[in-house]
Amino acid sequence: MSGPLYIQGYLSYGTSLWIALGVGLLFGFVLERAGFGDSRNLTNIFYFRDMRVLKVMFSALVTAMFGMVALSWLGLFDYATLVEVSLLNTYLWPQLVGGILFGLGFVVGGYCPGTSVVGMVSGKLDAVVFLLGMVAGIWVFAAGFSLWGNFYMSSDLGKLTLWQAFGLHKEIAAAAIAVMALIAFGLTGLAEKWAPYDK
Amino acid sequence: MEKPDYAQGFWNPYLAGIALGVVLLLTFYLMGTGLGASGAVARTSAVIAHEIAPSTVESNGYYKEFYKPSAKHPFVNWMVVEVAGVFLGGLIAVITARRFRPGVSRGPTASVGLRLGLAFVGGAIGGVGTRFAMGCTSGQALSGGATMAVGSWVFMMAVFGTAFMAAYFVRREWS
């Protein structure tokens, strides 16, 4: 059967929730096995001591990105449905501001939302406190929504991919991203050598 | 210097990344959307606030989308169930690796009080960030990044650019 199955109507809502539990379970398991249950393993990248965050994230991104392209070549995945129906909308300025705030929160707080859950089940009190901080932060966001609600929905560029924006074939864009990732992987070795743990 | 204990005993990061990528690909094949996390935290914050002040939450400009008339409970939601799976999967991984270590992860010279204070502040700032960005490292950077969505890449670059620059100012927390 050609995917994506759920949004093409092959699966019921109830089934989708069982899928959620299953893929979530695999997601949490792999995050722990990658070492992401400890904030030091997540923040050491910002001091060039341990570049595992970049290595894990970009190899995962490239795997899934090429996987979808390859499945569509094989006729097993309708890429047009992805682009036209389920792609995340781009809200340019809110996502830039959100990214700046999130990056600050990441290095100050030591986790991101998914990894803080894995940190919590690893016994890390700082992960629990980070989660509580997120809940409180979202209260503040909701409380002030009348002030920034318009900004939140602004600069809506709709469903837009990098390859559409640059006028490329998706395969070319994917290959360019993969080359960037390989260069970054090569540089991580230099970074880790330059900044050992005791420096 | 050798890698410290907390950085040892894990999968090779490239293999872990490929494993994560296969899970993500499976999710896209089945659902058409990727993995996420922060949406579940947003719903949790809505549910807690709703326990305290139901009418305020139901009329709040942001939270009201979770409390539409005749809608199911905010926890009956794909991403909330997925994050419950993350909790269980993480727990299974921790137990099978015998890696449950209660404590506070921090740099060698940082106090527990400093670390926990900054964990809360960072969580709050990051939480606000997830709402403006409509996602986090999972939903936007990783999943949206794999679909080559423009906003997801803008978000990812902003996250890492900011974190590398801000790291200098919190080096006492981590170094």
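**Examining the overall build of chain B**
Phase 1: The number of helices and strands found in chain B is eight helices and zero strands.
Phase 2: Written out in order from the N terminus, the α and β elements of chain B read α-α-α-α-α-α-α-α.
Phase 3: In terms of principal-axis extent, the alpha carbons of chain B reach across some 60 × 40 × 35 Å.
Phase 4: Evaluated residue by residue, chain B yields a buried proportion of 56% over its 175 residues.
Phase 5: By sequence separation, contacts in chain B at least 24 residues apart represent 59% of the contacts at least 6 residues apart.

**Remarks on the overall build of chain A**
Phase 1: For chain A, the helix and strand inventory stands at 10 helices and two strands.
Phase 2: By its C-alpha atoms, chain A is 50 × 45 × 35 Å across when sized along the principal axes.
Phase 3: Within chain A, the fraction of its 199 residues that count as buried is 49%.
Phase 4: Nonlocal contacts in chain A, meaning residues at least 24 apart in sequence, comprise 69% of its contacts between residues at least 6 apart.

**A look at the nonpolar core**
Phase 1: Core analysis: the largest hydrophobic core is formed by 114 residues, its most contacted members being Val30(A), Leu61(A), Ala64(A), Met65(A), Leu24(B) and Val159(B).
Phase 2: Setting aside anything within four residues of it in sequence, one finds Leu61(A) in contact with Gly21(B), Leu142(B), Gly145(B) and Ala146(B).

**Regarding the confidence of the model for chain B**
Phase 1: Residues at a pLDDT of 70 or more form 99% of chain B, whose mean pLDDT is 97.
Phase 2: Among the scores for the predicted complex, ipTM is 0.97 and pTM is 0.97.

**Quick notes on the interface of chain B and chain A**
Phase 1: Facing the 111 residues of chain B at the interface are 116 residues of chain A.
Phase 2: Broken down by secondary-structure element, the contributors of at least two residues to the side of chain B that touches chain A are helix 1 (13-31), helix 2 (38-52), helix 4 (78-96), helix 5 (112-133), helix 6 (137-146) and helix 7 (150-166) of chain B.
Phase 3: Residues of the side of chain B that touches chain A, tallied by class, amount to 72 nonpolar, 32 polar and seven charged.

**Re the packing of helix 2 of chain B against helix 4 of chain B**
Residue and element names in this part refer to chain B.
Phase 1: Contact pair helix 2 / helix 4: the axes reach a minimum separation of 8 Å and the direction vectors enclose 105 degrees. By the angle class used here, helix 2 and helix 4 are roughly perpendicular. Counted together, Gly39, Ala40 and Arg43 of helix 2 and Met79, Val80 and Val83 of helix 4 form the full contact between these two elements.
Phase 2: Considering only residue class, the contact of helix 2 with helix 4 consists of four nonpolar, one polar and one charged.

**A word on the packing of helix 7 (residues 125-143) of chain A against helix 2 of chain B**
Phase 1: It is at 9 Å that the axes of helix 7 of chain A and helix 2 of chain B come closest, and there the two elements cross at 70 degrees. As summarised for this structure, helix 7 of chain A and helix 2 of chain B are arranged roughly perpendicular, according to the angle between their axes. In this structure, helix 7 of chain A uses Met134(A), Val135(A), Ile138(A) and Trp139(A) to contact helix 2 of chain B, whose residues at the interface are Val41(B), Ala42(B), Thr44(B), Ser45(B), Ile48(B) and Ala49(B).
Phase 2: Residues belonging to the contact of helix 7 of chain A with helix 2 of chain B are distributed by class as follows: eight nonpolar, two polar and no charged.

**Things to note about the environment of Leu104(A)**
Phase 1: Relative to the helices and strands, Leu104(A) is located in helix 5 (residues 92-109).
Phase 2: You can call Leu104(A) buried: it has 23 C-beta atoms within 10 Å.
Phase 3: Considered as a pair, Leu104(A) and Trp18(A) are 86 residues apart in the sequence and their alpha carbons are 35 Å apart.
Phase 4: Apart from the residues lying within four places of it in its own chain, the contact partners of Leu104(A) are Ile125(B), Thr162(B) and Ala166(B).

The rules we used
- Residues numbered from 1 in each chain as written.
- Chains lettered and ligands numbered in written order.
- Predicted model: local features only at pLDDT ≥ 70, side-chain atom pairs only at ≥ 80, totals over all residues.
- Helix = DSSP H or I, 4+ residues; strand = E, 2+ residues; numbered from the N terminus.
- Buried ≥ 20, exposed ≤ 12 C-beta atoms within 10 Å, placed from the backbone.
- Contact = placed C-beta atoms within 7 Å.
- Core = buried A, V, L, I, M, F, W, Y, C linked by C-beta atoms within 7 Å.
- pLDDT = per-residue confidence, 0-100.
- Nonpolar A, V, L, I, M, F, W, Y, C, P; charged D, E, K, R; others polar.
- Axes fitted to C-alpha atoms, helices over the stretch in contact; angles between N-to-C directions.
- Parallel < 35°, antiparallel > 145°, perpendicular 65-115°, else oblique.

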